[in-house]
Amino acid sequence: MKKYIVIGNPIEHSLSPKLHNHWIKKNNIDAIYDKKKIDQSELENIIFEVKEGKINGINVTVPFKKAALPFLDELSIEAKKTRSVNTIYLNNGKTIGHNTDAAGFELAIKYLRYNINNKRIFVLGAGGVVPSIIFSLNKMQPSKIILSNRTREKAEDLKDLFKNVEIVDWGEMPNFDMVINATSIGLKENDEIKLDFSNVGYNKIFYDVIYNPKQTNFLKKAKDLGHKVENGKMMFIYQAHQAFTLWNKIMPDIDSETIKLLDQ
Ligand code: ATR
């Protein structure tokens, strides 16, 4: 039986097992997908288990997407460019670190039928998923990517990877077409982003990487103001879809049953 696992800390909230096990069952694959909370000190050993064939694939989530890099034999272009790994597998005896968050975001935007080309995109946050979002945005050629993070230095660090990004102080409100919440604010039901979006104009897109809860206060307020809103559910599904396809060489269905699985 093949064994897959998602590692992170915390990990209880992860819906990856639910999604992957659904596809495993649907496609009659002899496999199991588990979750495991680990400490940083266990990262190297668990990745080595892929090399030994004890684990067939690992998904990596917060806070280890960057920390996993030194323990891999090879990195995909996406992993290299984002310094971030969320999918690990073995190829010709070598452990490969790949990043499917970037494609996940791009496919989610395509699903939305939104054209990023020549748009001004405002990104909030500088944590684990932000390099993947910026990488993916760059492929879609916006006119501007503006980045803001409470801790400005972390945003400045990202400029080393993505020179075209403009940084504004936390609290500043630039002109934008689409704003993306990639902070962790909203994971708790009462969380509120202390930014004032009341004068940003009309018909903007508010995108939240968070999908659980389904509607963060960020999206709720935007909706009340008449903007178009979208949560991170499809991004999550697409990143998992990419990993599953890579590991099992089967493209699972993304149908209404799959999408409903994540509605809790
Ligand atoms: P990590 O930073 O470990 O990768 P993350 O969940 O990916 O974790 O990122 C958390 C993001 O949410 C960060 O951008 C963080 O800002 P800081 O870099 O200043 O910590 C942001 N964040 C979390 N709580 C916040 C708050 N109350 N106000 C503003 N930003 C917040």
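Rules used throughout
- All residue numbers here refer to positions counted from 1 along the written sequence of the relevant chain.
- Only residues with pLDDT of at least 70 get local features here, since the model is predicted, and only at 80 or more are side-chain atom pairs given and counted; chain-wide, interface and lining totals rely on the full set of residues.
- As a convention, hydrogens and water are excluded, and side-chain values are obtained from all of the structure's heavy atoms.
- By convention in this text, a residue qualifies as near a molecule or strand provided that one of its non-hydrogen atoms is within 4 Å of it.
- Distance and chemistry together define a polar contact, namely a pair of N or O atoms within 3.5 Å, with one atom able to donate a hydrogen and the other to accept it when in protein, and with adjacent residues in sequence counting only for side-chain atoms on both sides.
- Areas reported as accessible are Shrake-Rupley estimates using a 1.4 Å probe. Residue values count occlusion only from the protein chains shown.
- Three residue categories are used. Nonpolar comprises Ala, Val, Leu, Ile, Met, Phe, Trp, Tyr, Cys and Pro, charged comprises Asp, Glu, Lys and Arg, and polar comprises the others, including Gly.
- Here a strand pair is declared whenever DSSP counts at least two bridges between the two strands.
- The way it works is that DSSP assigns letters per residue, a run of H or I at least four long becomes a helix, a run of E at least two long becomes a strand, and they are numbered from the N terminus.
- The start and end points of each domain follow an automatic or database-based domain assignment.
- Contact definition: two residues touch when any of their heavy atoms are within 4.5 Å.
- The term buried area refers to how much accessible surface (probe radius 1.4 Å) is lost by two components on association, counted for both of them together.
- Throughout this description, the term salt bridge denotes a Lys or Arg side-chain nitrogen within 4 Å of a carboxyl oxygen of Asp or Glu.
- For helices, the axis comes from a line fit to the C-alpha atoms of the stretch in contact; other axes are also lines fit to C-alpha atoms, and the angle between any two N-to-C directions lies between 0 and 180 degrees.
- When accessible area is computed with a 1.4 Å probe and restricted to protein chains, residues below 20% of their type maximum are described as buried, those above 50% as exposed, and intermediate ones as partly exposed.
- Handedness of a crossover: with both strands directed away from the viewer, a clockwise path from the first strand across the helix to the second marks it as right-handed.

Chemist: Tell me about the site of the ligand, and name the residues and values.
Modeler: Lining the immediate surroundings of the ligand are Gly-125, Ala-126, Gly-127, Gly-128, Asn-149, Arg-150, Thr-151, Lys-154, Trp-170, Thr-183, Ser-184 and Ile-185. At 3.0 Å, a backbone N or O of Ala-126 approaches an oxygen atom of the ligand. Thr-151 has a polar side-chain atom sitting 2.4 Å from an oxygen atom of the ligand. For the ligand, whose unbound accessible area comes to 630 Å², protein coverage reaches 69%. Each residue belonging to the shell around the ligand can be placed in one class, and the counts come to three nonpolar, seven polar and two charged.

Chemist: A description of the pairing of strand β5 (residues 87-91) should follow, citing residues and the corresponding values.
Modeler: Where a strand is regular, its side chains alternate between the two sheet faces. In the sheet, strand β3 (residues 57-60) pairs with β5 via three bridges, with the strands oriented antiparallel. Among the inter-strand pairings, Asn-59 is bridged to a residue of β5, identified as Thr-87. Relative to strand β6 (residues 94-98), β5 is paired through five bridges, and the arrangement is antiparallel. Note that in β6 the partner of Ile-88 across the bridge is Gly-97.

Chemist: Give me the domain arrangement of the protein chain: which residues, what numbers.
Modeler: For the protein chain, the assigned domains are domain 1 (2-99 + 234-261) and domain 2 (102-231). Contacts between the two partners involve 15 residues from domain 1 and, on the opposite side, 19 residues from domain 2. Summing both sides of the interface, domain 1 and domain 2 together bury roughly 1,500 Å²; the carbon and sulfur share of this comes to 71%. Contact with domain 2 buries surface across domain 1, with Met-234, Met-235 and Tyr-238 losing the most and accounting together for 39% of the total. Linking domain 1 with domain 2 are zero salt bridges, by the criterion used here.

Chemist: Run through the sheet that holds strand β1 (residues 2-8), naming residues and quoting values.
Modeler: The sheet built from six strands is open, its strands ordered β2-β1-β3-β5-β6-β4 with mixed pairing. If you trace the sheet from one side to the other, it starts and ends with β2 (31-37) and β4 (74-75), each paired once. Strands in contact with helix α1 (residues 16-26) are β1, β2 and β3; relative to β2, the strand with the most contacts, it is inclined by about 175°. Seen against the sheet, helix α2 (residues 43-51) touches β1, β2, β3, β5 and β6 and runs at an angle of roughly 40° to β5.

Chemist: Go over unusual backbone geometry with me, naming the residues and quoting the values.
Modeler: Of note, the bond from Asn-9 into Pro-10 is cis; its omega dihedral lies within 30 degrees of zero at 5°. Residue placement: Pro-10 occurs in the loop between β1 and α1. Note the cis peptide between Asn-212 and Pro-213, where omega equals 10°. Inspection of the secondary structure puts Pro-213 in the loop between β11 (205-208) and α7 (217-224). If you check the backbone angles, Asn-203 has positive phi at about 55° while not being a glycine. Tracing the sequence through the fold places Asn-203 in the loop between β10 (178-181) and β11. Among the residues examined, Asn-203 registers a relative accessible area of 67% and is labelled exposed.

Chemist: Quick one: what's the story with the sheet that holds strand β9 (residues 166-167), residue by residue and with numbers?
Modeler: One open sheet holds the six strands; their spatial order is β9-β8-β7-β10-β11-β12, and the pairing between them is parallel. A strand with exactly one partner marks an edge of an open sheet, and here the two such strands are β9 and β12 (228-230). Sheet topology note: the strand β7 (residues 120-124)/strand β8 (residues 144-148) ladder contains five bridges and is parallel. Following the sheet pairing, Val-123 is matched in β8 by Leu-147.

Chemist: I'd like to hear about the pattern of salt bridges, residue by residue, with values.
Modeler: Considering all chains together, one arrives at 13 salt bridges under this definition. Of the charged contacts, one joins Asp-73 and Lys-51 as a salt bridge, the two residues approaching to 2.6 Å between their closest N and O atoms. Placement of the pair is Asp-73 in the loop between β3 and β4 and Lys-51 in helix α2, with a sequence separation of 22 residues.

Chemist: Could you give me a rundown of the pairing of β8, with the residues and numbers involved?
Modeler: The element β8 is extensively covered by neighbouring structure, given that four of its five residues are classed as buried. Crossover connection from β7 via helix α5 (residues 130-139) to parallel β8: handedness right-handed. Note that β8 and β9 share two bridges and pair parallel. Of the residues in β9, the one forming a bridge with Ile-146 is Glu-166. Crossover β8 to β9 through helix α6 (residues 152-161) is right-handed.

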